[in-house]
Amino acid sequence: MLNRKVKILAISLCLMGILVSLTGLCVASSIVRYSSDWPPSIDPAVGSEVESTTAQVNLFDPLIFPDTEGNFLPHVAKSWDVSSDGLAYTFYLRPGVKFHNGSELTAEDVKCSMDRLLTIGEGVAYLWLGNIKETEVIDKYTVAFNMEKPFGPFISTLPSFFIVNKGLIMENIKPGIYGEMGDYGKEYVSTNDVGSGPYMIKDFRRAEYLLMEKNPDYFLDISSAPDEFQMIGSTEPVLIKTLMAKQELEMTNRWLSPETLESLAKIEGVEIARWRSNSEDYITMNIRKPPLDDIHVRRALAWAFDYDVAVKLVPGSVQARGPVPLTVPGSDSNGFQYYRNLERAKLELKQSKYYGHFDEYPMVCQWNDSPSQEKDAMLLMANAAEIGLTVNVVETTWSLICSDSASIETTPHFHIVGDEARYPEAGALLQARYHSVTAGTWENTEWLLDPVFDEMIEDAFATIDKEERFAKYREASRYIVDLCPSIFLLETPECRAYQAAYMDWPAAKGEVIQGFKYDNCIRFIKLNP
Amino acid sequence: MSPLTKEDKLLTKRKSLMTSFLSMVRLKMKDRRIIFIVKRLFHSVFVLWGLSVLIFVMSRIAPGDPARMALGTRAPEEVVERLRIAMHYNEPIYTQYFYWFKSVLRGNFGVSLVTQHPVLEDISQVFPATLELAIFAFIFMIVIGITIGVLSARYNNTWVDNLGRLASYFGIVTPPFVFATIGMLIFCYLLNVLPAMGRLSPGMIYPPKITSLITIDALIQGNFKVFIDALKHLILPAVSLGLLGMAEEARITRASVYNNMKKDYIAAAESYGIPVRAIMFRDLLKPSLIAVISILGLEFGALIANAFLVELIFNWPGFARYGMNAMLQKDLNAISGVVLILGIIFVFSNIIVDLIVDFLDPRIHLIKERNE
């Protein structure tokens, strides 16, 4: 009997212990937690998509820093000169900037960072490949980029260039494919901190989260910034909703569906920040495949498409006006804009060489990625049917889109894609979307291959004067609209849920730095107690 | 002491003969088991080799250029070509296989094109998380499944049986991710008694690695705070993952126990007045569990392979999620490594199950041998 009582007592104690331990979790007092796609690449020479860049803007420093007005401010570089012929850019570095391991950031590190980036050739290297001839160390705090040819947008691209610690890279080189540089430290940098930014790696569990802590020796005053920043590798709506409700997540990434955002907005203290981004959605048309090789068919589709319905499907979006969103400097705000007009669509079709034979040319539209893209594809199918064209909608995978885009034959008639300007100039998007150099990639499935357009873009890039360059971008935009290789769908907003009750986030108030993901720069955020 | 009679001597002789015969049989059984293990291991080599060929060919002929996928669409062609050469992608598929198989035999699965780390190193980081999850799901599956099954059979056609059957139907028709989602909403969101994600709460420090299973490592080092925290993180994912298996085990156990209850030896035991509880645990459970244990090997492998959705929902840094990401990103080396390791788990868990079944009922093996 006694034995039984002892057993009951022991079990009760165990249960009480478990119950006591179930109450309360220790939460860091000043932390911003962000749900992100996974895994991010923290190596600035490798990762360039949103989540990688989010990690990089907090771990590394650029030479110059963008502001919300589209200007560029001194950062690691305290000043810079441009030669009159536009072939040399000289940067004067701020002394005393320290990497996270305590060593000083010098011109050698800047040279190593650019050399490494161009040798590896991944990530954002395409911005400078073919433009930079060499990086020259003039003295400890002076570095020059000598150009192959004048490249007008160079300064605009530089906030995407992050400086890595040369010493650590060279100490951690392993055998690899880059000749005498081995793997150029790729394996090491993929999980180790080689930056000088406002945050440094505290704990990086590759399959789970990336936790950063504030850099106590940062060269700028970041005393009011949150102590820690954690990127959590999940975009699962249920988990995000649960964490937001428990105040264990401060901000979400941009890939949530409108339905999820709507449910998050109902949580007390959570608000949805919306701002116009540099992104645009397109329906690309493979102009080398019949019947889309006929401009009248392409224009007919552009006239037939119901833009109003598409806008309603994506809250906060507006119909695009041409190939570049109006938020991007150098875009054409006076460009021609199609609207739904079935009569005009049918008139265009009558001028087509395929008129009367459209049933012989069924077309395929591929989509991938998001429910809104599926809806756009279905809308295209319905609208095309209204004017007698057959479009079959096919869902596909990202890897198939990439591989199918490699040749004209395998590229389908239509793709639904979203793209954004990598730096705040219209030329960034125009080149990515339509220049022959990017043909065969997912970004350019129109197969324009137009030497006239290529020449227009190269001429604009070679123009140093900003206003003159922007005028050339607008001319190129109009040229594209006239050729109608795409249906310009929507300027898509960036929508993110955040804890408005205790988080002061400049981007949510409209103070957005466009184009580089600096809206995820945590040092600008303030957490209220 | 009276001298031994002739009959006594004969009896003693018979006894000693019987003893030596039994020891011979035991030895034969032991030898037979060793031969069985060797045979199965020998077969496993061919199974795994076949699997390696299959997965290698399937991953290589799938559309998409892995080098281009790894380096991004904007990487210059010469850089992509350099990677293709380094990974032998430009060579015939049998040459690629030869290079790959050679390095696998040395324990090198190559470098992940996504993480830039050796695949084996990646797997060694994520596998313990899934193993720990699968072990807890397995324990839940066995303990709860068998208990429900035995109780249902014992109290056949009563409310206990009906409740047990309802629970097992519920487990079978509810996909793990649905239970995970609902469980998270109830226990993490509404009641707020369980953590929603990860293996440990923020601020908790991972115990130094011994087994890489946090609960075990924490217990070994006497760190009960971490143990309790890790346990809390395990409850929902493990229950979600083990629910389907639990339901299957419950149904099989119930059927098996119920059938055996009708056997003559049980009736005989009951007629001798042996208590029902003793019959259940001493005479009924062991033969009834053979059917259950036969499928446990497959169940354990399936727990690891099917953990993807549960890992995704609970942001569990595991092996299944790693494998799925590798497939989505056409990370060839990682795909091959993951599938081969899964194959090894399936093969060895089945060998272990066969040995357990053989131990529980040697007749099964004898029948197999006779048939062969």
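Residues numbered from 1 in each chain as written. Chains lettered and ligands numbered in written order. Predicted model: local features only at pLDDT ≥ 70, side-chain atom pairs only at ≥ 80, totals over all residues.

A.B. asks: Can you break down the sheet that holds strand S8 (residues 199-205) of chain A residue by residue, with the values?
C.D. replies: All names here are of chain A. Within the open sheet, the four strands sit side by side as S1-S10-S9-S8. Their pairing is mixed. Both edges of this open sheet fall to strand S1 (31-35) and S8, since each of them pairs with a single strand only. Averaged over neighbouring strand pairs, the angle between their axes works out to 20° when direction is ignored. With five bridges joining them, strand S9 (residues 209-214) and strand S10 (residues 228-232) adopt antiparallel strand pairing. Across the sheet, residue Glu213 finds its bridge partner in S10, namely Glu228. (Pairing = 2+ DSSP bridges. Helix = DSSP H or I, 4+ residues; strand = E, 2+ residues; numbered from the N terminus. Axes fitted to C-alpha atoms, helices over the stretch in contact; angles between N-to-C directions.)

A.B. asks: Describe the interface of chain A and chain B, and please don't skip the residues or the numbers.
C.D. replies: Listed by partner, the interface residues are 38 residues for chain A and 43 residues for chain B. For the side of chain A that touches chain B, the elements supplying multiple residues, two or more each, are helix H1 (2-22), helix H6 (186-189), helix H7 (237-245) and helix H13 (398-404) of chain A. Per-element accounting of the side of chain A that touches chain B gives the leading share, five residues, to H7 of chain A. The residue makeup of the side of chain A that touches chain B, split by class, is 19 nonpolar, ten polar and nine charged. (Contact = placed C-beta atoms within 7 Å. Nonpolar A, V, L, I, M, F, W, Y, C, P; charged D, E, K, R; others polar.)

A.B. asks: Tell me about the sheet that holds strand S7 (residues 142-147) of chain A, and please be specific about residues and values.
C.D. replies: All names here are of chain A. Read across the open sheet, the four strands follow the order S4-S5-S7-S6; overall the sheet is antiparallel. The sheet is open, and its two borders are formed by strand S4 (77-82) and strand S6 (132-139), each paired with just one other strand. For this sheet, the mean angle separating the axes of adjacent strands, direction not counted, is 20°. Inspection of the sheet shows strand S5 (residues 88-93) paired to S7 by five bridges, in the antiparallel sense. Among the inter-strand pairings, Ala88 is bridged to a residue of S7, identified as Asn146.

A.B. asks: How would you explain the environment of Tyr258 of chain B if you had to name every residue and give the values?
C.D. replies: Residue and element names in this part refer to chain B. Locating Tyr258 in the fold gives a position in helix H9 (residues 224-261). Along the sequence, Tyr258 and Tyr155 sit 103 residues apart, while their C-alpha atoms lie 9.8 Å from each other. In contact with Tyr258, other than residues within four places in its own chain, are Ala153 and Asn156.

A.B. asks: Lay out the packing of helix H14 (residues 426-434) of chain A against helix H15 (residues 451-461) of chain A in plain terms, naming residues and giving numbers.
C.D. replies: Residues and elements named next belong to chain A. Taken N-terminus to C-terminus, the directions of H14 and H15 make an angle of 150°; their axes are 11 Å apart at the nearest point. Taken as axis vectors, H14 and H15 run roughly antiparallel relative to one another. Crossing geometry of H14 relative to H15 is assigned as left-handed. Residues Gly427, Leu430, Gln431 and Tyr434 of H14 pack against Phe453, Ile457, Ala460 and Phe461 of H15. Of the residues in the contact of H14 with H15, the class split is six nonpolar, two polar and no charged. (Parallel < 35°, antiparallel > 145°, perpendicular 65-115°, else oblique. Left-handed = near helix turned anticlockwise from the far one by under 90°.)

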